[in-house]
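# Coordinates in review
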Amino acid sequence: MTENQTPPRIHVLAKPVGAICNLACAYCFFLDKELLYPGSSFRMTDEILDTYIRQLIEAHRTKEVTVAWQGGEPTLMGVDFYRRAIELQNEHRRPGMTFENTMQTNGTLLDDEWCQFLKENNFLIGISIDGPRELHDAYRVDKGGKPTFDEVMRGLRLLQKHGVEYNILVTLNRINADHPLEVYRFLRDDAGTDWMQFIPVVERINEDGRTLYQEGATVSERSVTPEQFGRFLSATFDEWVRNDVGEMFVQTFEATLRNWMRLPSSGMCVFEPTCGLGLALEHNGDLYSCDHFVEPQYLLGNIQETHIMELVASDQQRAFGQGKLDALPRACRQCDFLFACHGECPKNRFLTTSEGEHGLNYLCEGWKAFFHHVDRPMQMMASLMRKGRPATEVMRILAQGDARLEAALASAGRNDPCPCGSGLKFKHCHGKRGGDGKQRAEAKTSTALDSA
């Protein structure tokens, strides 16, 4: 195999306990994966760990290697497992090579020993929190159905106490997606994070009623709706773009800005034209095409039998990655936002277009609404950065636009056209008394963006 047949680096989500978890989050798509390995101990052996670390290093032509740990709940393996992983990284590393270990955890099993280890070894921790107590506890419960908010927050405070680098992952579901500002402000002001990511819950219902495979064209009642998703992103963006640019890092907004700047990569795999470089490694050494496709038909092989580089470069995996582009329906190829979305994640592309073509993304309308909403401020920030100016200046520009709109609204007559540009009379728009104040505030926010 020649070097030009393999990518310079790959990203693997290693699952040393497979799908085993101490919680039972209602929307978790991975819990049922336990059924794929009946009778398994669900613990990665030292032999497989050694093979994995060595092959991962050999698969990199870069000096930086990310070693990502996930589950299930990866902390169930205990601290000593990860101490051994660090030993193996040092044993197999090439001169000048550096490692970034990352871990996605629910945070409930963290203690001082864990956090001291994580800090000493420069782990980046992703901790899952779905918002304030009542929103988090709606679906994130333990095996007995009890709420987990207090235990998760205890874990977060321990990470903060020990200075461990972390970010917060929020799964957007049918409940918390209706509370965008409540979720965002909680993460910013109460949880105290400066980096967050929002992952939409899209549970496809299989014929047997389970969610084990990416099959079926209907979704569970826990799944976020496209409309909710678009509204959530738009509302949180309005808060962020006015107050927190440069201070709060929201993965979707950062990736969207990179796309508006036409950079080579957004940094988010769901926005890339093709995929196939983000794989999943099960506890027994089985390698799958993607974390969202841990299913028999996407099993590439086992690293104990075939080197990880060969599996990544296989025809099967190449076809998987290229399929994201090749299967785009015409409606997507003609969309004004193709550059920003590229059809998003293949796991969500199970609807039919108005022309009867399969492969439309379930979240399409939500993404479109968000992209339309942020187009103008994204253009502003992209323009600022191309001129060598900081994107943070957008906050001042928008504040000036808000002030001009406020002044125009204050002097508008009841029967005058509303200064916001809605086409309605002032008395039927921003001058309307009573009614839905929240809706009027959102309209004001949107039009101020357009007028800035």
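Now for a look at the structure at hand.

Scanning the model with the defined rule gives 31 aromatic pairs in all. Here the aromatic rings of W114 and F117 are separated by 6.4 Å at their centres, their planes lie at 75 degrees, and the arrangement is edge-to-face. Here the residue W114 and the residue F117 both occupy positions in helix 3 (residues 112-120), the gap between them amounting to 3 residues, near one helical turn. What makes W114 buried here is its relative accessible area of 5%. Using a relative accessible area of 4% as the deciding quantity, one classes F117 as buried. Note on W260 and F371: the rings are 5.8 Å apart at their centroids and 45 degrees apart in plane angle, and the pair reads as tilted. A residue pair is termed long-range when its members are at least 10 positions apart, and W260 in helix 8 (residues 251-260) and F371 in helix 13 (residues 364-386) qualify at 111 residues. Put simply, the rings of F229, F237, W240, F253, W260, F271, F337, F339, W367, F370 and F371 pair up and form one aromatic cluster.

Before going further, it helps to spend a moment on the pattern of salt bridges. Overall, the coordinates contain 21 salt bridges when judged by the stated rule. The shortest N-O distance in the salt bridge between K15 and D291 comes to 2.8 Å. On the criterion of sequence distance, the pair formed by K15 in the loop between strand 1 (11-14) and helix 1 (46-58) and D291 in the loop between strand 9 (286-288) and strand 10 (299-302) is long-range, its members being 276 residues apart. No difference in accessibility class separates K15 from D291, as the two residues are buried. The shortest N-O distance in the salt bridge between R389 and E393 comes to 2.5 Å.

This paragraph deals with empty space enclosed by the protein. Taken as a whole and judged by the stated rule, the model has 1 cavity of 30 Å³ or more. The residue makeup of the lining of the largest cavity, split by class, is 5 nonpolar, 1 polar and no charged.

Bringing the sheet that holds strand 8 (residues 278-281) into the picture now. Here we have 10 strands laid out as an open sheet, ordered 7-6-5-4-3-2-1-8-9-10, and mixed in their pairing. At either end of the open sheet lies a strand with only one pairing partner, and these are strand 7 (249-250) and strand 10. Two elements, strand 2 (residues 64-69) and strand 3 (residues 98-105), share 6 bridges in a ladder whose sense is parallel. Following the sheet pairing, T66 is matched in strand 3 by E100. Lying on the sheet, helix 6 (residues 180-191) is in contact with strand 5 (165-172), strand 6 (195-200) and strand 7; it crosses strand 5 at an angle near 160 degrees.

Right, let's get into helix 2 (residues 79-92). Helix length check: helix 2 (14 residues) gives 20 Å between terminal C-alpha atoms against 20 Å at 1.5 Å per residue, within 8%. Those residues of helix 2 lying buried are V79, F81, Y82, A85, I86, L88 and Q89. Where helix 2 is buried, its residues touch helix 1, strand 2, strand 3 and helix 3.

Direction vectors running N to C along helix 3 and helix 5 (residues 149-162) enclose 45 degrees, while the axes themselves pass 9 Å from each other. In terms of orientation, helix 3 and helix 5 fall into the oblique class. Classified by chirality, the crossing of helix 5 by helix 3 is right-handed. Touching D112, C115, Q116, L118 and K119 of helix 3 are L158, L159, K161 and H162, all from helix 5. In the contact of helix 3 with helix 5, the residues fall into 4 nonpolar, 2 polar and 3 charged.

Here we come to the environment of D178. Summarising the element assignment, D178 is placed in the loop between strand 5 and helix 6. Through-space distance from the C-alpha of D178 to that of F232 is 6.9 Å; in sequence the pair is 54 residues apart. Excluding its chain neighbours within four sequence positions, the residues that come into contact with D178 are Q228 and R231.

Conventions adopted
- Residues numbered from 1 in each chain as written.
- Predicted model: local features only at pLDDT ≥ 70, side-chain atom pairs only at ≥ 80, totals over all residues.
- Heavy atoms only, no water.
- Phe/Tyr/Trp six-rings, centres within 6.5 Å; stacked < 30°, edge-to-face > 60°.
- Helix = DSSP H or I, 4+ residues; strand = E, 2+ residues; numbered from the N terminus.
- Buried < 20%, exposed > 50% of the residue type's maximum accessible area, 1.4 Å probe, protein only.
- Salt bridge = Lys/Arg side-chain N within 4 Å of Asp/Glu carboxyl O.
- 1 Å grid on protein atoms, 1.4 Å probe; cavity = no way out; pocket = protein on both sides within 12 Å on 5 of 7 lines; lining within 4 Å.
- Points joined across faces, edges and corners; volume = space filled by probe spheres on them.
- Nonpolar A, V, L, I, M, F, W, Y, C, P; charged D, E, K, R; others polar.
- Pairing = 2+ DSSP bridges.
- Contact = heavy atoms within 4.5 Å.
- Axes fitted to C-alpha atoms, helices over the stretch in contact; angles between N-to-C directions.
- Expected span 1.5 Å × (residues − 1).
- Parallel < 35°, antiparallel > 145°, perpendicular 65-115°, else oblique.
- Left-handed = near helix turned anticlockwise from the far one by under 90°.

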